[in-house]
Structures are given as structure tokens and as C-alpha cells.
Amino acid sequence: MSKPKKITLADGSVRYQIVTEAGRDPETGKRKQVMRRFERLKDANAELARVTHERNRGTYVPPSKLTMDALLDGYLKSACFEREEATRSNYAHALRLPRERLGGRLAQGITRADIEELRDYAMSAGRKRGGTPGTRLGPRAVRLMLSRLSAALEQAVDDGKLAANPCRRVKAPKLAAGAKEAWSEEEARKFLGEAGKDRLHPLWRMSLYGGRREEISGARWEEDIDLDARTWTVNVVRVVVDGKVIVKEAPKSEKSARPLPLDDDLTAALTALHRRQLEEKLAAGPAYQDSGYVAADELGGAINPEWLSDEFGRLVKRAGVRRITLHGARHTACSLMEKAGVPISIVSLWAGHASPEFTYRVYAHAGDDDLSAARDALSPIYKIAEG
């Protein structure tokens, strides 16, 4: 290892200069050198030892003016390769706060304390959409933010742009045990009693049939609903990306495209809505815009999927049942089928899941009341005959 060189400046002051090899640039492959000056020999020796040690370990990273904005841009370009537009939007949104709070900073200057401060801000005032701006983000959103940020920083480490990932040991907030996102049979019937008065009654039945919001809003009369065969085939979905509604031919997973047989009540509800929409078309005349969707307003226009979630919440309130989200109705369908003894493989196929394991882990809900069923099953088995 070379020694620091003593240099006397024009004003008579002394500096100690180090010049040493620092490996090769990961992008250009060219050899790199480190040259720095210090006022004290002690500092020069310490820096020379550090650079030499990190170079020998292959962990040395030269100083860089790379900003966090540029680092995140590079990550999104790699992470979003061949991803769908909705996924790209979700990735970018997860990194919104890191950009706002740290975007202009040099990436190499970011510390764990900076990430922890970002986390704390997100949990106190980080919300911009999906609620009142300036209020706290929930644990799930904060965990997603930290996960994406850590992945971006880890990629920079792999690329030789950072020596370490400052997010690696930052603690994420715990997920609170929330209310069960599934109704009982009684709650589902009570909701349907109120929903039956609504013009779009069949949409709410389709949600309790296990349909995703994007599948329900994408259902079309001619292509997907066959009232004679009594089937609903999921072919098209309508999703909201950055405030815009996008129609996608490809469903969420390969198994999402599935034909669902309709029961008597849903068939009757769809038949009544179809007849009503034809009457509305005649009454509106030229003003009618025939979108062809089941989820259409009185003038035939396709209904925004986000409105379905909002309207579901209003119906839940009017019905006086426990509050769940529209997606909770899907949970309800899978949970009630599982409790009714439908094999989990069939529940998974019905819901369009990638695997039965996912269905069981996420959607099958057993509660304290179900324990009596286990008792009743075991009791006759272990009963000892008298006499």
C-alpha cells in the first residue's frame, strides 16, 4: 500500500495526498483511481486504509453525484420491464414519498436515519390520495413503500453505485389485525335484501358471487353474459390507472378467464336489468350511448369501477350490516363456499386463483363459531359405548 505524500502549498501550509487504485468502473470497465488531500496525516492514512480494504473486498464505491431521483428512475426502468400499466403505476406511486422527501439528495448521502424519518412522516402525514390529504398512511402502504425503496437501493448496491443499502435494517410497521373481511350468511342475506331494491342489483350479487371489481365492471352483455346458457364468462376487465379507466383483454391470471354458471336468482336479476336497459335505451333515443356493459348508467355509459366501490359502501350503510369493502364480498363468497364444504380446489377455480394454496391462505375464514363443528365431528368418534 502506497503511503500518503506530503505536499507544501504556496502559502506554506501542508497537505497529505493519497493516490491509490480503486478497482474498475462497473459500467465502463476502466481502471479507477482515488486521489484526495487531507490536512492531517492521520486522516490520510485512515482513508487510504479504508479504500484499500474495501477495494480488496470488492465493496469500494467511488463518490458519485447520483441523486435519489435518478436512482429510482433506473430502478423503475428495470423493475417495470414488460409489466402491465397498472403495475407500473403502482410501483411509481409506492415511491412517491421517497421522491418528494429525498429525490434531490445524493444517493450516497442517504442514511438509515433518513429512511426512518421518511417512514415516520408517512405514518403521520403521508397520504395524498384515497382519503384526506395530509393524514397518515396505513401500515400496509408504508410497508409497500419501504419494500420498493429497499429494492431500488439494493439494485444500486448490486450495480456498484452504493456501498450498502440504508433501508435494509429499517423496521417496517406491523400490520394490525383488522376486522374480518367476510360476512356471515345472515349478513350477506341482509345486504342482498337491501341491494335488491337497487337498479344495479345484479352487480352486487356478482360481487357476492366472487367476482373482482374489474371483472364485474368489464362484463358485457353480448360477449360475456349468456342468459340462455346461464353463464358469465370472464374475458375482459376494466381497471383504473392514474384516474383513467383501461380495458384489458388479459385477465389477472391465466385461471381468471373462466365460465361461471349462474344460479336462478342471479339469472333473473340480470334478465331484469337487461330488459330495463333496453327500455332506457328506447326512452333516451339518440342520447343513449350503448357501451354494451352490464355496469352501465341510465344513458348506457360504462360506470367507473371506483364508483362501484363507493356505491357498495353506501349500500352497506343502508343495509345496516358490518362494513366491509367491495373486495370483501369476494372474500365472503370464497369463505362461505369453503364453510359449506365445497372442496378448496373448486373454490380456487371458481375465484380464478393461481393455486388452491392461495385461496385457502387468503380467502378461507374460520371463526370461533366454527369450532363447535369440529367438536361435533370428533365427539361421536371418541364416544365410548356404555355397558
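Residues numbered from 1 in each chain as written. Predicted model: local features only at pLDDT ≥ 70, side-chain atom pairs only at ≥ 80, totals over all residues. Heavy atoms only, no water.

Visitor: Quick question: what am I supposed to make of the sheet that holds strand 8 (residues 259–261) here?
Guide: Spatially, the 3 strands line up as an open sheet ordered 4-5-8, and their pairing is antiparallel. Of all the strands in the sheet, just strand 4 (225–226) and strand 8 have a single pairing partner and so form its edges. Where strand 4 meets strand 5 (residues 231–233), 2 bridges bridge the pair, whose relative direction is antiparallel. The residue of strand 5 that forms the bridge with Ile225 is Trp232. (Pairing = 2+ DSSP bridges. Helix = DSSP H or I, 4+ residues; strand = E, 2+ residues; numbered from the N terminus.)

Visitor: Explain the pairing of strand 7 (residues 244–248) to me, please; I cannot follow it from the model alone.
Guide: Both strand 6 (residues 237–241) and strand 7 contribute to a ladder of 5 bridges, which runs antiparallel. Paired with Val240 across the strands is Val245, a residue of strand 7. Hairpin connection of strand 6 to strand 7: 2 residues between the antiparallel strands, including Asp242 at a positive phi of 55 degrees.

Visitor: Where do I start with the nonpolar core in this structure?
Guide: For soluble globular proteins, the rule of thumb is that nonpolar side chains tend to be buried together. Core analysis: the largest hydrophobic core is formed by 39 residues, its most contacted members being Trp183, Phe191, Trp204, Trp232 and Phe312. Among the secondary structure elements, those contributing two or more residues to this core are helix 7 (185–195), helix 8 (201–207), helix 10 (264–284), helix 11 (305–319), helix 12 (326–339) and helix 13 (344–351). In terms of residues, this core owes the most to one element, helix 11, which gives 5 residues. Setting aside chain neighbours within four positions, we find Trp232 in contact with Met206, Gly211, Glu215, Ile216, Ala219, Asp224, Ile225, Arg258, Pro259, Leu260 and Leu262. Within the second largest apolar cluster, 28 residues are counted, among which are Cys80, Leu118, Ala122 and Leu146. (Core = buried A, V, L, I, M, F, W, Y, C linked by side-chain atoms within 4.5 Å. Buried < 20%, exposed > 50% of the residue type's maximum accessible area, 1.4 Å probe, protein only. Contact = heavy atoms within 4.5 Å.)

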